[in-house]
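Residues per chain are reported as follows:
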There are 2 protein chains.
Amino acid sequence: VVVGLDPDLGRMPPCVLPDLPDEAGDPAAAARSVTDFNRAIIDAVADLVPAVKPQVAFYERLGLDGLEAYAATIEHAHRRGLLVIGDVKRGDIGSTAAAYAEGHLGEPPPATGRSGLTADAVTVNPYLGRDGVAPFIECASRHGRGLFVLVKTSNPSSGELQDLAVAGDGGHRTLHEVVASLVARWGTEAGVGASGYSPVGAVVGATYPDHARRLRRLMPHAIFLVPGYGAQGGGAADVVPCFDRRGLGAVVSASRSVLYAWQRSGEGDRFTEHARLEVQRMIADITAALRRSGRALGG
Amino acid sequence: VVVGLDPDLGRMPPCVLPDLPDEAGDPAAAARSVTDFNRAIIDAVADLVPAVKPQVAFYERLGLDGLEAYAATIEHAHRRGLLVIGDVKRGDIGSTAAAYAEGHLGEPPPATGRSGLTADAVTVNPYLGRDGVAPFIECASRHGRGLFVLVKTSNPSSGELQDLAVAGDGGHRTLHEVVASLVARWGTEAGVGASGYSPVGAVVGATYPDHARRLRRLMPHAIFLVPGYGAQGGGAADVVPCFDRRGLGAVVSASRSVLYAWQRSGEGDRFTEHARLEVQRMIADITAALRRSGRALGG
């Protein structure tokens, strides 16, 4: 389980918004609240999860101040021993993809008093084909980091392109199956480690379990990043097909259901406890579902 | 013609790198050089072009300092009366896409002493389908701004997914033709103005002129953003099919061939003159090609 850090000022408890900053009116104050909120959440779940997943869009929304909060969040997660998956969904042509890769997976800037944007893994969009993805694989491999290529996303309209039937020899495959085959090939080329996994993972939404089953077979060496659990409607049984027989190979992400768990009780000043309880509940839920499926519990 | 601002410290003239900063060693100094360079280029071409197109990857590469340079570049271009196309290629699920849209197309932060990331148009990746694009259209429409959806990109491997044959009623279409049909529909839904264009444009690479011809017919109301001219190999004849019969409807972008035109002569201290001359040469080149094709010269 990983916790997605998608900060939404409108849903944060009053105790982290002491001056009730108006988001539009004072982005610097808003960004400070975001950093405070994220640090508290990270401290509350650091012993339960291997990683956090900040979604950079919610930081870019606050402009430069928001990106400082993004960097501060990465820094704090690293300090607490967590890996960071930067959910940036970048993708561009070769030389440009290389610049993105250096910015998000390369060496962090030296000690100039400012944090960098460097995460341990990022999400990457495959629409531009191999030369939009290869620079990320190269940079990740060089630095011992990783990436997750969007294969089948969790949103309602993901099928509009991703489920299109692609004509090929002897029948049809969906576009996301074509992407899955590319991910498998790129992963093998990049190298499969002693763990059985390559640095090239895949984003596979919890909201489409039947697709996940086929995708698990198509990408045996890819770690799946699985969004869509919780607020988006995916349940524990839905994420089971993303795991392999060893009960490994998938990280299930939840954001809103964890961050804003306090809203169910209204106990804003206990938001970290509620977040922690929700993560524990989620781990128990998924563990039970894996056990029911007959998978080992490798984690 | 629009000028792409893809700053590469390794190709900038010595006169804007007075302290020869080591990019990895001092990102703040590097970012200041980028800002100085961009401002000089903008001043040199402001009366020749309607817009500049900063590619955000080259700024993110320099971390937070780089993003300050991105914001300062947008601010300077606006001060010189230019439109700014933020080449950000974002795309995510609904609520996240809305956050990106607010960050890049929404209201800029108020006067808190810091510039925002808000451009006049951005590039958007369609892989997540309608609900990854709709929030950008909604935000752009609300603020009188626009977007360019990636349809057929200019890179060598763009065909790997974009040219796949998609099975449908009575034959096959390529994936990029399917995306083009969606762009046309979304544009009609968003509204076609008195100009004949909608706020939903398309990225169509100069490197695939045969595809451009068909795409122009499929998206009659879309403005084409055409990368790939110059350093990537596209010539004036290749971009002609992106224009409509009126000689309108396309903006052709060149980055490296303009920014680093000084390298052909080695006259680093005259880099702005060389950039200006290259833009003039490019305008003349494309104008002549449009004339040869029999199109009107609407611009």
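Criteria and cut-off values
- Residues numbered from 1 in each chain as written.
- Chains lettered and ligands numbered in written order.
- Predicted model: local features only at pLDDT ≥ 70, side-chain atom pairs only at ≥ 80, totals over all residues.
- Heavy atoms only, no water.
- Helix = DSSP H or I, 4+ residues; strand = E, 2+ residues; numbered from the N terminus.
- Rg over C-alpha atoms; globule rule 2.2 N^0.38 Å.
- Buried < 20%, exposed > 50% of the residue type's maximum accessible area, 1.4 Å probe, protein only.
- Areas by Shrake-Rupley, 256 points an atom, 1.4 Å probe, with all protein chains shown as cover.
- Contact = heavy atoms within 4.5 Å.
- 1 Å grid on protein atoms, 1.4 Å probe; cavity = no way out; pocket = protein on both sides within 12 Å on 5 of 7 lines; lining within 4 Å.
- Points joined across faces, edges and corners; volume = space filled by probe spheres on them.
- Buried area = accessible area lost by both parts, 1.4 Å probe.
- Salt bridge = Lys/Arg side-chain N within 4 Å of Asp/Glu carboxyl O.
- Nonpolar A, V, L, I, M, F, W, Y, C, P; charged D, E, K, R; others polar.
- Least-squares fit on C-alpha atoms with pLDDT ≥ 70 in both.
- Phe/Tyr/Trp six-rings, centres within 6.5 Å; stacked < 30°, edge-to-face > 60°.
- Lys NZ or Arg CZ within 6 Å of the ring centre and 35° of its normal.
- Axes fitted to C-alpha atoms, helices over the stretch in contact; angles between N-to-C directions.
- Parallel < 35°, antiparallel > 145°, perpendicular 65-115°, else oblique.
- Left-handed = near helix turned anticlockwise from the far one by under 90°.
- pLDDT = per-residue confidence, 0-100.
- Arc of directions from axis to C-beta.

Caption draft 1: Spotlight on the overall build of chain A. Check the secondary structure of chain A and you find eleven helices and ten strands. Relative to the 2.2 N^0.38 estimate, which gives 19 Å for 299 residues, the radius of gyration of chain A is 19 Å and therefore close to what a compact globule would have. With the C-alpha coordinates of chain A rotated into their principal frame, the extents come out at 65 × 45 × 35 Å. Residues counted as buried form 59% of the 299 residues belonging to chain A. About 10800 Å² of surface is accessible on chain A, with carbon and sulfur atoms providing 52% of the total.

Caption draft 2: The side chain of A:S157, seen in detail. Mapped onto the secondary structure, A:S157 falls in the loop between β5 (146-152) and α6 (159-162). We classify A:S157 as buried; its relative accessible area is 13%. Not counting chain neighbours up to four residues away, the residues in contact with A:S157 comprise B:L128, B:G129, B:R130, B:D131 and B:G132.

Caption draft 3: How the structure looks around empty space enclosed by the protein. Scanning the entire structure with this criterion turns up four cavities of 30 Å³ or more. Quantified by volume, the largest cavity comes out at close to 280 Å³. The wall of the largest cavity is formed by 24 residues, among which A:K53, A:P227, A:G228, A:Q232 and B:I93 lie closest to the centre. Only β3 (83-90) and β10 (250-254) of chain A together with α4 (94-105) of chain B provide two or more residues apiece to the lining of the largest cavity.

Caption draft 4: Quick look at the interface of chain A and chain B. The partner chain B presents 67 residues to the 67 residues of chain A that form the contact. Summing both partners gives a buried area of about 5400 Å² for chain A against chain B, and 61% of it is carried by carbon and sulfur. At the surface where chain A touches chain B, the tally comes to four salt bridges. For A:E60, the salt bridge identified is with B:R90, shortest N-O distance 2.9 Å. Taken together, the residues of the side of chain A that touches chain B sort by class into 31 nonpolar, 22 polar and 14 charged.

Caption draft 5: Local environment of the relation of the copies chain A and chain B. Superposing chain A onto chain B takes a rotation of 180 degrees plus a shift of 0.0 Å along the axis, which leaves an RMSD of 0.0 Å. The symmetry that links the two subunits is that of a two-fold axis. Across chain A, the rotation axis passes nearest the C-alpha of A:V166, at a separation of 2.2 Å. Of all interface residues in chain A, 100% are interface residues in chain B too; the two copies therefore contact each other through one and the same surface.

Caption draft 6: Spatial organisation of the pattern of salt bridges. All names here are of chain B. Taken as a whole and judged by the stated rule, the model has 38 salt bridges over all chains. A salt bridge links R130 to E189; the nearest nitrogen and oxygen atoms lie 3.3 Å apart. Of the two residues, R130 is situated in helix α5 (residues 130-143) and E189 in helix α7 (residues 175-190); the sequence distance between them amounts to 59 residues. Assessed through its relative accessible area of 29%, R130 is described here as partly exposed. E189 gets classed as exposed once you look at its relative accessible area, which sits at 51%.

Caption draft 7: Focus on the packing of aromatic side chains. All names here are of chain A. Counted under the stated rule, the structure contains six aromatic pairs over all chains. With a centroid separation of 5.2 Å and 15 degrees between ring planes, the pair formed by F37 and F271 is classed as stacked. Note that F37 is positioned in helix α1 (residues 27-45) and F271 in helix α11 (residues 271-292), a separation of 234 residues in sequence. Each member of the pair, F37 as well as F271, is classed as buried. Feature note: the residues F37, Y260 and F271 constitute an aromatic cluster, connected by ring pairs. We note K152 situated over the ring of Y208; from NZ or CZ to the ring centre the distance is 4.0 Å. One cation-aromatic arrangement involves R216 over F224; the distance from NZ or CZ to the ring centre is 4.1 Å.

Caption draft 8: Expanded view of the packing of helix α1 (residues 27-45) of chain B against helix α3 (residues 63-79) of chain B. Residues and elements named next belong to chain B. Packing of α1 against α3 leaves a shortest axis separation of 9 Å and a crossing angle of 20 degrees. Comparing their axes, α3 and α1 come out roughly parallel. Both α1 and α3 take part in a crossing whose hand is right-handed. Counting all contacts with α1, which are made through P27, A28, A31, V34, T35, N38, R39, I42 and D43, the residues of α3 involved are D65, G66, A69, A72, T73, H76 and A77. Partitioned by chemical class, the residues of the contact of α1 with α3 number eight nonpolar, five polar and three charged.

Caption draft 9: Spotlight on the confidence of the model for chain A. Predicted confidence across chain A gives a mean pLDDT of 93, with 93% of residues reaching 70 or more. Listed scores for the predicted complex are pTM 0.96 and ipTM 0.95.

Caption draft 10: How the structure looks around helix α8 (residues 209-218) of chain B. All names here are of chain B. Of all the residues in α8, the buried ones are P209, H211, A212, L215 and R216. When α8 is viewed along its axis, its buried side chains cluster within an angular range of 140 degrees and face the same direction. Of the exposed residues in α8, those oriented more than 90 degrees away from the buried face are D210 and R217. In the core, the buried residues of α8 are packed alongside β5 (146-152), α7, β8 (200-204), β9 (224-226) and α9 (236-239).

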